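The chain contents come next:
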Amino acid sequence: PILAMALACHVRRLAGAYTRIGGGAGLRLPGARGALAAWPQRVWCSSTAGDGADDAEAKVEQALSPDGEQKTEGWGEIVPRGAGADTPQGRSIPTPPSVLVIPATRRPIMPGFTTAITVTNPAIIKAIADLGHRDTPHVGVFLRKGGEPPDSWESKELDVTADDLHQVGTFVQIMQAIPAHGGRGVNVVINGHRRITMEEVLNREAPIQVKVQHWAATPSGPGATSESAQAYANEAMSTLKELVAVSPLFREQMSQIQEMLQRIDMRDTSRLADFAAGMTSASGDELQEVLEEANVEKRLQMVIELLRKELEIARLQVKINTQMEDKMNKSQREFLLREQLKQIKKELGLETDDKEALTQRMKERLTGKNVPEDIQKVIDEELEKLTGLEKNSSEFNVSRNYLEWLTYMPWGITSTDNFDLGKAREALDTTHYGLSDVKKRIMEFIAVGKLHGSVQGKIICLVGPPGVGKTSVGKSIASALDREFYRFSVGGLSDVSEIKGHRRTYVGAMPGKPVQCLKHTQTCNPVILIDEIDKLSRGIQGDPASALLELLDPGQNGTFVDHYLDVPLDLSKVLFICTANVMDTIPGPLQDRFEIIRLSGYDQPEKVEIAQKHIIPSKLKEAGLDGHQPGAEIDHAAVESLIRWYCREAGVRNLEKHISQICRKLALEAVEAEEKGNEASLTVTADNLSDYVGKQVFTSDRLYGDEQPPGVVMGLAWTAMGGSALYIEGVDFRGKGALQTTGQLGNVMQESSKISWTVAKRKLNKLQPDNTFFSDYDVHLHVPEGATPKDGPSAGVTMTTALLSLALKQPTLADLAMTGEISLTGKVLPVGGIKEKTIAARRAGAKTLIFPEGNRKDFEELPDYLKDGLNVVFANHFDTVMDTAFPAAAAAA
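One structure accompanies this document, and this report is about it. Here the residue index of a chain counts from 1 through its sequence in written order. In view of the model being predicted, local features appear only for residues whose pLDDT reaches at least 70, and side-chain atom pairs are presented and counted only at 80 or more, with totals across whole chains, interfaces and linings using the full set of residues. Processing note: side-chain calculations cover all non-hydrogen atoms of the structure and skip hydrogens and water entirely.

A short note on the overall build of the protein chain
We apply this condition: Under the DSSP-based scheme used, a helix requires at least four consecutive residues in state H or I and a strand at least two consecutive residues in state E, with every element numbered from the N terminus. Accessible area is worked out with a 1.4 Å probe on protein chains only. A residue is then buried under 20% of its type maximum, exposed over 50%, and partly exposed in between. In this analysis, two residues are considered to be in contact whenever any of their non-hydrogen atoms come within 4.5 Å of each other. Under the convention used here, a 1.4 Å probe and the Shrake-Rupley method define accessible areas, while residue burial counts only the protein chains that appear.
Helices and strands together make up the secondary structure of the protein chain, namely 33 helices and 25 strands. Within the protein chain, buried positions represent 48% of all 893 residues. Within the protein chain, residue pairs in contact and separated by at least 24 positions form 77% of the contacts whose partners lie at least 6 positions apart. Counting every atom, the protein chain has about 41,800 Å² of accessible surface; 50% of that belongs to carbon and sulfur.

Here it is as structure tokens:
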């Protein structure tokens with residue numbers, strides 16, 4: 001039992017003193033107890049089991065050293081075969097000329113150490129058993145060259161030969177052998193005695209037998225008694241003591257190590273060197289060098305180097321442990337202080353329990369709110385659930401966040417609407433110039449709300465090109481009604497959860513935008529602006545356009561259910577305003593819910609007024625030119641040129657950018673002149689405008705002057721910039737009556753060209769039956785600016801006129817422009833964008849315009865300054881267009 005305790009003790013000792021050797025079955029050697037009694041050695045190990053472990057070690061030490069004293073041995077000289085060495089008990093340790101070899105794969109066995117190894121090779125196990133039967137349990141342990149990682153012990157032991165071993169090993173005594181755990185080999189307790197040198201190999205394969213030369217067991221080896229060796233020994237002892245004091249691993253075995261150090265004679269430098277080397281976690285090759293070194297002084301130098309390396313590692317480990325302990329101590333200290341503060345506040349009545357305070361705050365939020373009965377029931381149940389949950393659980397946080405949103409909702413809180421038309425008109429005029437038709441529609445909307453008592457049930461959609469002020473109009477409506485305003489954009493939105501919210505079971509779940517709006521505004525009747533509704537997307541998370549159907553339907557949004565709140569919300573009092581650039585991409589069911597108000601954009605006079613009254617003063621102020629440089633100005637002609645040649649878009653956003661650019665350059669000129677002591681001229685005119693904004697973007701409004709060839713007709717098109725002149729060019733050449741079109745035309749425009757071809761052939765056949773132009777000639781129609789995609793039906797009248805111009809060899813009027821869709825029978829159908837097309841015609845110098853009869857009302861609603869000087873012909877059939885474009889041909893017919 002004592003040896004079993006010794007084995008268990010050694011299994012727990014340092015990894016550096018533990019050696020494992022592979023392969024075989026288990027057995028117990030007879031006579032091991034007698035060998036142990038005959039050759040006592042001190043067993044030392046790490047003691048972490050308390051007093052019981054200390055008692056066990058005391059018993060082990062008493063059994064292994066009956067007289068309580070440990071003599072010392074020294075090595076350094078070769079002992080002839082047959083020579084003996086004295087032990088404290090007076091019995092000689094044999095020096096057999098040949099020994100059985102046990103290969104070590106990790107570390108050599110240092111003399112003076114008792115350790116446990118595992119042997120799994122069947123041949124070696126059998127040889128060890130034979131030694132036990134002969135009562136000569138002595139073997140040699142030699143380190144395998146190179147060593148191997150643990151996963152290769154067994155396979156490498158079976159293949160080992162004498163050539164694979166180092167020449168210097170350790171003569172050891174087998175103390176005990178018991179079966180290993182799991183039946184894989186034998187655990188052998190061995191005690192190292194002295195160094196041996198391999199001289200001759202008797203059996204090369206396992207079990208290996210070799211002749212050896214024993215090293216002398218006297219302290220008179222080379223360099224063992226010199227003063228320098230003693231100094232090295234003192235340094236090694238000092239370093240070892242420092243290592244024991246510093247290293248946590250060695251500190252656990254401090255009492256055993258100190259006792260061993262006291263038993264070692266400081267003059268026995270060889271034994272001290274071996275003991276210190278075995279204490280380190282050095283590699284097998286490093287320890288083998290110490291084992292092979294015969295000169296004790298050099299051996300001590302090597303050991304000191306290993307000890308110092310071990311000391312540096314121990315210091316680093318202590319530093320890391322200290323840092324970690326400091327962090328842990330700080331956290332624990334803060335935790336204890338917070339707990340103490342909490343208890344002190346609770347005793348003084350300054351603060352109640354966290355859960356109680358939390359539930360109390362939530363109940364206080366509901367004070368003064370008219371919470372529906374079914375929702376109040378949900379809140380009460382959730383509060384009761386919250387009080388029973390553990391504070392640090394994830395379910396507690398989910399329930400808490402849910403209650404936070406429920407109690408922050410403005411249940412029953414509404415703002416009072418202001419239906420004062422004068423205030424509404426003032427709010428619109430302050431932020432927008434022009435847009436009289438839009439303002440009129442908004443005033444009508446507010447007037448109906450005043451008579452009805454509310455404006456609920458209306459979903460307004462503002463449609464127009466970029467930069468015309470759709471978002472600011474929405475803000476003005478909210479200001480006029482004295483309602484809270486909230487805006488969010490759905491451009492590119494592809495997740496339904498942004499509208500309907502996430503399920504509470506998801507990590508980071510949140511309600512949708514409508515619920516967030518109510519929390520932000522704290523009223524049940526805000527103005528919600530949904531921006532860029534024409535740019536909705538669709539993804540794997542669903543179709544947001546379908547989710548908006550419930551939100552924007554006055555018949556459904558009174559019981560809107562958000563996925564997160566999971567209770568019905570009344571959004572019927574909310575005034576929804578949507579903005580879009582085009583209606584084509586908005587789904588039909590959504591369009592049915594909208595009251596559409598179109599913002600066609602600003603014409604040139606309106607832009608000039610906006611620039612001079614709003615944009616230029618604000619940009620001069622931003623640039624710092626309003627106070628320091630009162631002479632800085634942009635004259636009227638420069639503004640008109642800027643709008644005409646640089647900023648033709650329907651909105652004023654690009655105009656604002658250009659004016660901002662001009663003001664920055666004026667600021668640079670002012671500062672440079674001030675630094676030079678000169679006076680700068682800060683007036684921008686039409687002549688020097690290009691110095692500030694570069695060359696003109698639009699060089700001309702007309703491709704042709706007063707005379708244009710047959711086959712060329714000026715059309716009018718609506719674009720994102722508000723409108724432009726769109727020429728149709730046609731040429732003919734001998735062929736078989738084919739039509740070719742170019743200019744990056746869309747499908748609708750290509751179909752219009754085919755319809756125009758048919759209508760023109762019928763009209764020519766009626767006017768000149770003998771004219772075979774369309775059967776003898778091929779025609780090529782082209783629309784200039786081929787890099788710009790073009791599509792739409794409004795060029796049908798223009799294409800038909802261009803084809804007849806070629807056939808009749810007659811040019812049209814030089815100042816003529818037209819627009820309109822044509823049907824297969826020659827009917828002229830109405831189109832959109834009459835205001836923008838009229839502006840483009842005036843800009844191009846056209847005096848005679850042909851519009852569809854269906855657009856007469858649109859033209860009459862235009863301001864007088866746009867209609868003055870124009871001769872407008874409204875056509876219901878292409879015959880009217882023919883009479884206007886070719887008066888000579890019409891008279892001849």
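Regarding unusual backbone geometry
With phi around 60°, D566 is a residue other than glycine that occupies positive phi space. Here Q744, not a glycine, exhibits a phi torsion of approximately 55°, which is positive. By the secondary structure assignment, Q744 is in the loop between β19 (739–742) and α26 (747–767).

A word on helix α23 (residues 636–645)
Here α23 has its buried residues at A638, V639, S641, L642, I643 and W645. Packed against the buried residues of α23 are α22 (604–622), β15 (633–634), α24 (653–676), β16 (683–684) and α25 (690–693).

Brief notes about a nonpolar patch on the surface
Condition: Like charges are joined within 9 Å and nonpolar side chains (Val, Leu, Ile, Met, Phe, Trp, Tyr) within 5 Å, but only among residues with over 30% relative accessible area and no salt bridge; these make up the patches. For this analysis, a salt bridge means a side-chain nitrogen from Lys or Arg found within 4 Å of a carboxyl oxygen belonging to Asp or Glu.
On the surface, a cluster of nonpolar side chains totalling about 300 Å² of accessible area is made up of L316, I320 and M324. In this structure, I320 sits in helix α11 (residues 296–348). Here I320 falls in the partly exposed class, since its relative accessible area comes to 45%.

With respect to the layout of surface pockets
Applicable threshold: Definitions used throughout: a 1 Å grid over protein atoms alone; a cavity as a set of points that fits a 1.4 Å probe which cannot get out; a pocket as an open set with protein on both sides within 12 Å along at least five of seven lines; a lining residue as one with an atom within 4 Å of a point. Grid points are joined across faces, edges and corners, and a volume is the space filled by probe spheres set on the points. The residue classification treats Ala, Val, Leu, Ile, Met, Phe, Trp, Tyr, Cys and Pro as nonpolar and Asp, Glu, Lys and Arg as charged. All others, Gly included, are polar.
Roughly 520 Å³ of internal volume is contained in the second largest pocket. Taken together, 23 residues form the lining of the second largest pocket, with G467, V468, G469, S472 and V652 sitting closest to its centre. Elements with a contribution of two residues or more to the lining of the second largest pocket: α17 (470–481), α22 and α24. Broken down by element, the lining of the second largest pocket gets its largest block of residues, five residues, from α22. Classifying every residue of the lining of the second largest pocket by side-chain character gives seven nonpolar, ten polar and six charged.

Quick look at the packing of helix α6 (residues 227–246) against α11
Our working definition: For helices, the fitted axis covers only the stretch in contact; all axes are lines through C-alpha atoms, and the angles between them, taken along N-to-C directions, range from 0 to 180 degrees. Here roughly perpendicular refers to angles of 65 to 115 degrees, roughly parallel to angles under 35, roughly antiparallel to angles over 145, and oblique to all remaining angles. With the far helix as reference, a near helix turned anticlockwise by less than a right angle produces a left-handed crossing, and one turned clockwise produces a right-handed crossing.
Following both chains from N to C, one finds α6 and α11 inclined at 20°, their axes separated by 9 Å at the closest point. The angle between the axes of α6 and α11 places the two elements in the roughly parallel class. The element α6 and its partner α11 pack so that their crossing is left-handed. Where α6 approaches α11, its residues S228, A229, Y232, A233, E235, A236, T239, L240, E242, L243 and V246 are matched on the opposing element by E297, L300, Q301, I304, L307, R308, E310, L311, A314, R315 and V318.

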